[in-house]
Amino acid sequence: MAWGATAYAKPIAPSILCTQYADAPVCIGGQPACTFCHTTPPARNAFGAQVEGELLPGTARPLSDADFMTGLPAALAAVEQKDADGDGFVNLDELLAGTYPADGASIPAADGCPQSSDANGGFDVCNYDPRYVYKKLHLDFCGTTVAYDRLKAFEVLEDKEGEIRDALARCLDSEYWKGRDGILYRLAHKKIRPAQSIKSGDDPGDIPLGDYDDDYYLFVYTQIDDHDARELLTAQYFVEVQDGPPTTYSTYERGPFQDIQARGAQVAQLVEVQRRAGMLTTRWNLVFNTMFTPIPRTTAAQAYRAYLGLDIARMEGLDDVPGEPADYDQKGVQAEACRRCHATLDPLTYPFTRYSGFNGGTPFSYVPNRMNNMSSGRNDPLRDTPEAGVIFGERVDDLVQWANVASNSDQFAQATVLDYWKLIIGEAPRPTEQGEFDRLWRRFRNEHEYSVERMLHELVTTEAYGVP
Amino acid sequence: MSRNPLNVAFALLFVTGCMADNVLKAEPPPDETPPVTMPPPTTNPPPAGDVVVPSNNARLKLKSGQLYAAALASGLELPRAEVCHELGLYDCVDDVHNIALGGIEPYRTGILEPLEETTVTTPIAADRVALAACTTRAERDFADLANAKLFGALVVKDGALEDVSAAPVEATIQRLYQRLVQRDATSDEVAALRDLYTEMAATPSADVAESWAAVSCYAVASTMEALFY
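Predicted model, so just to flag it, every value in this text is computed and none were measured.

Analysis parameters
Residues numbered from 1 in each chain as written. Chains lettered and ligands numbered in written order. Predicted model: local features only at pLDDT ≥ 70, side-chain atom pairs only at ≥ 80, totals over all residues. Heavy atoms only, no water. Helix = DSSP H or I, 4+ residues; strand = E, 2+ residues; numbered from the N terminus. Rg over C-alpha atoms; globule rule 2.2 N^0.38 Å. Buried < 20%, exposed > 50% of the residue type's maximum accessible area, 1.4 Å probe, protein only. Contact = heavy atoms within 4.5 Å. Areas by Shrake-Rupley, 256 points an atom, 1.4 Å probe, with all protein chains shown as cover. Lys, Arg positive; Asp, Glu negative; His and termini not counted. Charge placed at Lys NZ, Arg CZ, Asp CG, Glu CD. Disulfide = S-S within 2.5 Å. Domains from an automatic or database assignment. Buried area = accessible area lost by both parts, 1.4 Å probe. Salt bridge = Lys/Arg side-chain N within 4 Å of Asp/Glu carboxyl O. Polar contact = N/O pair within 3.5 Å; in protein donor to acceptor, adjacent residues only side chain to side chain. Nonpolar A, V, L, I, M, F, W, Y, C, P; charged D, E, K, R; others polar.

1. Remarks on the overall build of chain A
Phase 1 of the analysis: For chain A, the count of helices and strands is 21 helices and 4 strands.
Phase 2 of the analysis: For chain A, whose C-alpha radius of gyration is 25 Å, the value lies close to the compact-globule estimate of 23 Å for 468 residues.
Phase 3 of the analysis: In terms of principal-axis extent, the alpha carbons of chain A reach across some 75 × 70 × 40 Å.
Phase 4 of the analysis: Counting over 468 residues, chain A shows a buried share of 52%.
Phase 5 of the analysis: Considering only contacts within chain A whose residues lie at least 6 apart along the sequence, 57% involve residues at least 24 apart.
Phase 6 of the analysis: Accessible surface, chain A: about 19,800 Å² in total, of which carbon and sulfur atoms supply 49%.
Phase 7 of the analysis: Here chain A contributes 43 positively and 69 negatively charged side chains, and the mean placements of these two sets differ by 5 Å.

2. Side note on the state of the cysteines
Phase 1 of the analysis: For the structure shown, the criterion picks out 4 disulfides over all chains.
Phase 2 of the analysis: Sulfur-sulfur distance for the disulfide between Cys18(A) and Cys27(A) comes to 2.1 Å. Looking along the S-S bond of the Cys18(A)-Cys27(A) disulfide, the torsion reads about -85°, which is the left-handed sense.
Phase 3 of the analysis: For Cys18(A), a relative accessible area of 11% translates into the label buried.
Phase 4 of the analysis: The exposure class assigned to Cys27(A) is buried, which follows from its relative accessible area of 11%.
Phase 5 of the analysis: Across the disulfide from Cys134(B) sits Cys217(B); the S-S distance is 2.0 Å. Between Cys134(B) and Cys217(B), the disulfide has an S-S torsion of -70° and is therefore left-handed. One end of the pair, Cys134(B), is in helix H4 (residues 122-143); the other, Cys217(B), is in helix H7 (residues 208-221), and 83 residues separate them in sequence. You'll find Cys134(B) and Cys217(B) in the same group, each marked buried.
Phase 6 of the analysis: Take the cysteines of chain B that form disulfides and number them in order along the sequence; they join up as 1-2, 3-4.

3. What about the domain arrangement of chain A?
Residues and elements named next belong to chain A.
Phase 1 of the analysis: Here chain A is described as being made up of domain 1 (13-120), domain 2 (130-172), domain 3 (174-290) and domain 4 (410-466).
Phase 2 of the analysis: Each of domain 1 and domain 4 was reduced to a C-alpha centroid, and the two centroids are 25 Å apart.
Phase 3 of the analysis: At the junction of the two partners, domain 1 supplies 7 residues and domain 4 supplies 7 residues.
Phase 4 of the analysis: Taking both partners together, domain 1 and domain 4 bury about 520 Å²; carbon and sulfur atoms supply 59% of that area.
Phase 5 of the analysis: Linking domain 1 to domain 4 there are 0 salt bridges.
Phase 6 of the analysis: Between domain 1 and domain 4 we count 0 residue pairs in polar contact (both at pLDDT 80 or more) in total.
Phase 7 of the analysis: A class-by-class count of the residues in the side of domain 1 that touches domain 4 yields 5 nonpolar, 2 polar and no charged.

4. Digging into the interface of chain B and chain A
Phase 1 of the analysis: In this assembly, 30 residues from chain B lie in contact with 47 residues from chain A.
Phase 2 of the analysis: Of the roughly 3,200 Å² buried at the junction of chain B and chain A (both faces included), carbon and sulfur atoms supply 50%.
Phase 3 of the analysis: For the chain B face of the interface with chain A, the top three residues by lost area are Arg59(B), Tyr107(B) and Gln182(B), together amounting to 24%.
Phase 4 of the analysis: A salt bridge links Asp140(A) to Lys61(B); the nearest nitrogen and oxygen atoms lie 2.8 Å apart.
Phase 5 of the analysis: At the surface where chain B touches chain A, the tally comes to 17 residue pairs in polar contact (both at pLDDT 80 or more).
Phase 6 of the analysis: The biggest single contributor to the side of chain B that touches chain A is helix H2 (residues 65-76) of chain B, with 5 residues.

In structure tokens:
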């Protein structure tokens, strides 16, 4: 978070706010996002601007962390009775009600429930509404509308819960959900970032370099049939598809030479089996993200964003590593304006450096001496780039370990569940829903054993999904 | 049997005007029927002693073009591929209005997610899809009423409804609501579509019943209730 005229991050701000307002829904199970006080950091929203106005007025900007920590509680207290968004509710009431003090459309809930759902067009706006869920579930997961007669039959069912469970199970096997270009493909697009012009394999582009179909198949496989979603980052197998209906996915394990023999050099996966780390080491990922880069920061940043929900460009997930950034490739990342992010990003990237894009050794493969191959001579510091790196403060020897740490992290579970939450519910959890969201991702790790389908069966029972 | 395009255009103006203001505001030409005040398209009032309570969890999603077209196809018993084509060639949802209707095109243009906001053309495209589907259904049904999928209950004589107050008309309106929004029509909604017919029939037309069927279908299919969930 940033408060001064110059953009300086203050990631301590959410924790200070939550220390002061521990009972605020936005602080239950997490901390508020930057957007609680900012539009696009460092620009402030209406609430952030009010707080800034009360924050150690007269003190020179930028504030030190110490000054900021000292001044923020009083500044927050000073704006409690103000109404930043002019919606008629003071900031403190909005904080405690779980609404946004900078959003005029977000206001504390009205009290009371209707005597019957008839008054509300048949919607039970105060409770989980099975009829509403049944109808919505078919659209979200099956892509179909429940016919009037079937809806009527549902209304008189004794075991509505059971029918909802069965309907969801049917939908999760539908082509709309898991077929080619189905909903799961849509979820994968931002992670894979396909570009048909350089696609190889089926429907090749003008310059066929790699086939992202393998990435989609692997993604879908890890999300269905109670498979372990962590294998998205740890799989050392690949997946083939039998187009349907029903479309089916099955795994296979082949080394680079076997794969060249089986499928041809233009699509074969060339990283040796024990060096594979799911989506992180696919040919497409190396083609598209690593390309010609010795220290492929783009590849690491994309992995951090796509699978762990942390966008370094938005100053998310920063975790300084002492002594970093070392700047082995002499890009000037030790400059003051750069080091804040690169102290996290560079050590995050080192484990990716041994996987080649187009150069430094056999393309799209694991090359232990890639840094030597890419250096300009004995004195080039690039040669000293380590393979070991750091993720979430934990030292890892290589990318396989990196993937293990990543896939077992809270961040992976949160990001996975958040993807589906946003897809199905339509937006990120509201402050009042943080508790439900928090419980869901924790159960995804434990009770659901990283099964996306089990998690989804619980997601449709939440109030966020089921109360109209 | 083909419908008179001017009649459809008039009916559309009527319907959209009703939706906007509930009242036709334009001054009528001297010899025409004066404007009819329409009841607001609301549901029946809640039982005495009960009040509508706003949802604290209010959250609606706009159906994607894919979902909307599928809903129209199943509701109107049309093959999905025949719901709407521009120039008779290009699928309205998959090809022409894909992005405007919340679609994506990840492989060639890099549009990986639906646009966060709807575009200026989104309502026009949604209208286009609904009108095309409804027109097709009405044309096919009126070409062979005995085997009609949706409008077969109507009693039609010389292109007009024999009696707009007759039970088959209400039954047809109920079917429209059941097929397109999966609930029964309220008495207000039935009355509104009956009044629409009366207004349309005041202008001489050889196929007013078919035109009314198409725009009644369109009126229901383009409600907020049908477009959002």
